[in-house]
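Structural description and commentary
The lines below spell out each chain.
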Amino acid sequence: VTRLMTPGEIAYLRTRPAQAAQHFAARVAAKEAVFKAMQSLPGARGIGWRDIEVVHDDERRPAIRLRGHAAVLLRSANGGLYLSLSHSVRTAGAVVILEGPS
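Residues numbered from 1 in each chain as written. Predicted model: local features only at pLDDT ≥ 70, side-chain atom pairs only at ≥ 80, totals over all residues. Heavy atoms only, no water.

We now examine the pairing of strand β2 (residues 62-66). Pairing analysis gives five bridges linking strand β1 (residues 52-56) to β2, with the strands arranged antiparallel. Each residue of the ladder has a partner; that of Val-54, found in β2, is Ile-64. If you look at the hairpin formed by β1 and β2, you'll find five residues sitting between the two strands, and Arg-60 has a positive phi there, around 70°. (Pairing = 2+ DSSP bridges. Helix = DSSP H or I, 4+ residues; strand = E, 2+ residues; numbered from the N terminus.)

Below is the structure:
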């Protein structure tokens, strides 16, 4: 867990002990979706699991916070990321849209 999740994500999972596996799986799916969406950016292979964090925005919607190399890449691309998560007892999925400058 500590190889994939940030301390904030681990703290969130601890608040959901009965559904921790579902929330964990959704976050892994989101991180993979972010990584894949950012592959069009030069140098994206250097993004690490903990450079990508699933958080909640002010309205409790899931959102992405980037750190380190991932944050630098997105800033240099003048882009934005949008996240949709879905999970149940048996499945988890995520869709990420990488928006470039308008």
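A cluster of nonpolar side chains, contributed by Tyr-82, Val-95 and Ile-97, occupies part of the molecular surface with about 310 Å² of accessible area. The residue Ile-97 is located in strand β4 (residues 92-99) in this model. (Patch = residues over 30% accessible without salt bridge, like charges linked within 9 Å, V, L, I, M, F, W, Y side chains within 5 Å. Areas by Shrake-Rupley, 256 points an atom, 1.4 Å probe, with all protein chains shown as cover. Salt bridge = Lys/Arg side-chain N within 4 Å of Asp/Glu carboxyl O.)

Attention now goes to the nonpolar core. In this structure, Val-34, Met-38, Ile-47, Ile-64, Leu-66, Leu-81 and Val-96 are the most contacted members of the largest nonpolar core, which totals 19 residues. Once residues lying within four places of it in the same chain are set aside, the contact partners of Met-38 are Ala-44, Ile-47, Leu-66, Ala-70, Leu-73, Leu-74, Leu-81 and Leu-98. Counting residues in each nonpolar core, the second largest holds five residues, with Met-5, Ile-10, Leu-13 and Val-28 among its members. (Core = buried A, V, L, I, M, F, W, Y, C linked by side-chain atoms within 4.5 Å. Buried < 20%, exposed > 50% of the residue type's maximum accessible area, 1.4 Å probe, protein only. Contact = heavy atoms within 4.5 Å.)

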